[in-house]
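# Understanding the architecture of this molecule
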Protein chains: 2
Amino acid sequence: MQDASVGELSEGEILSVILRELGPSAAEVGPGDDAAVLTADDGRVVATVDTLVHGPDFRLAWSGGFDLGWKAAAVNLADIAAMGARPTSLLVALAMPDATRVSFVVDLARGLRAGCEALAPGCVVEGGDLTVSDVLTIAVTALGTLEGRPAVRRSGAQVGDVVAATGRLGDAARGLRLLFDRFRDAAGNPIAVDRSGLTGEEGRELDAQLRPSPHIADGVRAAMAGATAMMDLSDGLVLDAGRMATASGVTLDLHRDALGPHPDDALSGGEDHGLLATFPTTDAVPDGFQVIGVVREYGESPVLVDGARYEGSGGWDPYRDWDASRG
Amino acid sequence: MQDASVGELSEGEILSVILRELGPSAAEVGPGDDAAVLTADDGRVVATVDTLVHGPDFRLAWSGGFDLGWKAAAVNLADIAAMGARPTSLLVALAMPDATRVSFVVDLARGLRAGCEALAPGCVVEGGDLTVSDVLTIAVTALGTLEGRPAVRRSGAQVGDVVAATGRLGDAARGLRLLFDRFRDAAGNPIAVDRSGLTGEEGRELDAQLRPSPHIADGVRAAMAGATAMMDLSDGLVLDAGRMATASGVTLDLHRDALGPHPDDALSGGEDHGLLATFPTTDAVPDGFQVIGVVREYGESPVLVDGARYEGSGGWDPYRDWDASRG
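The shown structure was predicted, so the numbers you read here are calculated from the model rather than taken from an experiment.

This part covers the relation of the copies chain B and chain A. Expressed as a screw transformation, the operator carrying chain B onto chain A has a rotation angle of 180 degrees and an axial translation of 0.0 Å, and the superposed copies differ by an RMSD of 0.0 Å. In short, the pair behaves as if placed about a two-fold rotation axis. Across chain B, the rotation axis passes nearest the C-alpha of Gly43 of chain B, at a separation of 2.3 Å. The fraction of interface residues of chain B whose copies in chain A are also interface residues reaches 100%, indicating that both copies meet through the same surface.

Time to look at empty space enclosed by the protein. Here the structure, examined in full by the defined rule, presents three cavities of 30 Å³ or more. In this structure, the largest cavity spans a volume of roughly 60 Å³. Taken together, the elements giving at least two residues each to the lining of the largest cavity come down to β3 (86-96) and β5 (137-145) of chain A together with β3 (86-96) and β5 (137-145) of chain B. Grouping the amino acids of the lining of the largest cavity by side-chain chemistry returns eight nonpolar, four polar and no charged.

It is worth spelling out the pairing of strand β2 (residues 44-53) of chain B at this point. Counting buried residues in β2 of chain B gives ten out of ten residues, a clear majority hidden from the surface. Residue alternation in β2 of chain B divides its side chains into two sets, Arg44, Val46, Thr48, Asp50 and Leu52 of chain B and Val45, Ala47, Val49, Thr51 and Val53 of chain B, and both sets are buried. By the bridge criterion, four bridges tie strand β1 (residues 36-39) of chain A to β2 of chain B in an arrangement that is antiparallel. Residue Val37 of chain A lies in a different strand from β2 of chain B, and its bridge partner there is Val46 of chain B.

In this section: the side chain of Ser248 of chain B. Residue and element names in this part refer to chain B. Tracing the backbone through its elements, the reader meets Ser248 in helix α7 (residues 237-248). One polar contact links the side chain of Ser248 to the main-chain carbonyl oxygen of Arg154, over a distance of 2.9 Å. Among all residues touching Ser248, those that are not within four sequence positions of it are Arg154, Ser155, Gly156 and Ala157.

Sites flagged by UniProt as "binding site: Mg(2+) 4" (unreviewed entry) map to Asp34, Thr48 and Asp79 of chain A. The greatest C-alpha distance among the annotated residues, which extend across 46 residues, is 25.7 Å, indicating that they are dispersed rather than converging on a single site. With respect to the helices and strands, Thr48 of chain A occurs in strand β2 (residues 44-53). In this structure Thr48 of chain A comes out as buried when scored by relative accessible area, which is 5%. With residues near it in sequence (within four places) discarded, Thr48 of chain A still touches Asn76, Asp79, Ile80, Val140, Thr141 and Ala142 of chain A together with Asp34, Ala35 and Leu91 of chain B. Setting aside residues up to four positions removed in sequence, Asp79 of chain A forms contacts with Thr48, Asp50 and Asp232 of chain A together with Asp34 and Ala35 of chain B.

This paragraph deals with the UniProt feature "binding site: ATP" (unreviewed entry) in chain A. Per the UniProt annotation, the sites labelled "binding site: ATP" (unreviewed entry) are Gly128, Asp129, Arg154 and Ser234 of chain A. Their sequence span is 107 residues, while the largest C-alpha to C-alpha distance among them is 31.0 Å; these annotated residues do not converge on one region. Take Gly128 of chain A: it is sitting in strand β4 (residues 124-132). Not counting chain neighbours up to four residues away, the residues in contact with Gly128 of chain A comprise Val92 of chain A together with Val49 of chain B. The residue Arg154 of chain A is located in the loop between β5 and β6 (162-166) in this model. Beyond its immediate stretch of four places on either side in the chain, Arg154 of chain A contacts Ala229, Met230, Met231, Arg243, Met244, Ala247 and Ser248 of chain A together with Gly32, Asp33 and Asp34 of chain B.

Quick notes on the rules
Residues numbered from 1 in each chain as written. Chains lettered and ligands numbered in written order. Predicted model: local features only at pLDDT ≥ 70, side-chain atom pairs only at ≥ 80, totals over all residues. Heavy atoms only, no water. Least-squares fit on C-alpha atoms with pLDDT ≥ 70 in both. Contact = heavy atoms within 4.5 Å. 1 Å grid on protein atoms, 1.4 Å probe; cavity = no way out; pocket = protein on both sides within 12 Å on 5 of 7 lines; lining within 4 Å. Points joined across faces, edges and corners; volume = space filled by probe spheres on them. Helix = DSSP H or I, 4+ residues; strand = E, 2+ residues; numbered from the N terminus. Nonpolar A, V, L, I, M, F, W, Y, C, P; charged D, E, K, R; others polar. Buried < 20%, exposed > 50% of the residue type's maximum accessible area, 1.4 Å probe, protein only. Pairing = 2+ DSSP bridges. Polar contact = N/O pair within 3.5 Å; in protein donor to acceptor, adjacent residues only side chain to side chain. UniProt positions renumbered as here; feature names shortened; annotations may be inferred.

Written as structure tokens, this is what we have:
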């Protein structure tokens, strides 16, 4: 059955293949009924949804099922973490072409589980939906708990706060560039990744793109340390910092020297899925975060770099930047 | 801007068009942050996801944006109702081709809102995700509250219970057949629906398919009346009753005479989105439900019709029954 296509199986058969890989439910009602019934300890639930679409979001020559499952989990877990919450469960809506191999689906389920176990232990897939589509599409809903704390919104940054971030900014964008530069054939089509010629740093950049490992627990840590605002860095630092600045009515002034060895990639590269947060003082910034700027009164621009407007590319917008002809 | 395509706008511009149509948030944190923060009054949340995909699930010649938004809400609200819960909020993941018209997106948002207001007042879209895809795909996550009650699972049917259902079973399937029979051109491609030649009954069947109105409040009513098992009728009565019977370890014996004027359509037709439930006695069956059978000890088959195996088609399975060549 491992080599069958999903079109040869019934929905129930595909579902049972997936459920075998997901591990035990932790919920009052887990997969298999019309809906899951999940605990929401403090009388609230944090909820988000994010979709990965074949083409704009991934290429199957570059991403296997395991990587995709892992990434689909990771990007949604990061959105829960960005509220200062702990992820508790996922729902996965999977739309697949008939020709999709069952072995791919098994790998995807394993990646979802492994991503949860590595990044947010205790978070489990508790439900989902299977349907057929010409375009492989993975929509993941993540739910989480604030454990009684207030949510950390993107609108709370205060003048005088320090700006801090987790993770190696720009690595995911550098990984994507590596894929486009080195792993396409003469016609521009994606080809399988051969890691043997990559340096250690290049391998890490590729991982940041294909199988990101955001530090999910840093979200709760930041909330407990008194973060005044927080968000997930998904579309590039300048674009996302601009959203936080606009929501807060302030300007975020970033320090170029604090952005690592490739500051322009850090400023404009998307998909890092680190956390961007503001704290009242430098002393309040918890381990795992690097100070990268300061919050100023709103001035000529929501984002400055070393006090000046940033003239580079601002980040990734799927409706502006995706061009199917790229490969 | 109404006539622009989404590919001409930024993600933020599309989002603001949608948010204008959705009405006010009822949540602690609504749309616009990394995740929504929703109330979960009794310390639990009911959660489900369901996806509508262009092709297998709808044709744009037959369904406008408003109908699609309404249907995407309705089918998910029904899954929440089927647990005995009251829907409280939706998250909507929308993947659209660049060429999608903004006016279509506006209609979709209006349909989502109108479906919630008509079927589950108080339920609001509190978040979502926008992405680009070659195939229009609408994945809706619905959340709900059990208000302190136990969930009504599909596994609780007891020998001697009566079987009951809401809605006009088979109408949605008859509506789909009407579309295939009357609203395709000579090459088999879908064409716009002209209702002028339809009888009142045909119009109602078309509505059941294109803009279903399941009685969502009947789910809570059934739970309060002591329903022992309940589920949403999405894939056809025989197939869904078989799932309830198997989960409960019993046989559901259905009365053909109780299934309305088109019993074979009622038995095998999908997408009715009524509720199938079991109750300890006929007296316990609340208004809105029709008695359609009785629960027996598990025998030769999970589902019987008047005591005999049903030999017709059992229902809809997307991986077995969808054939792109149908039009």
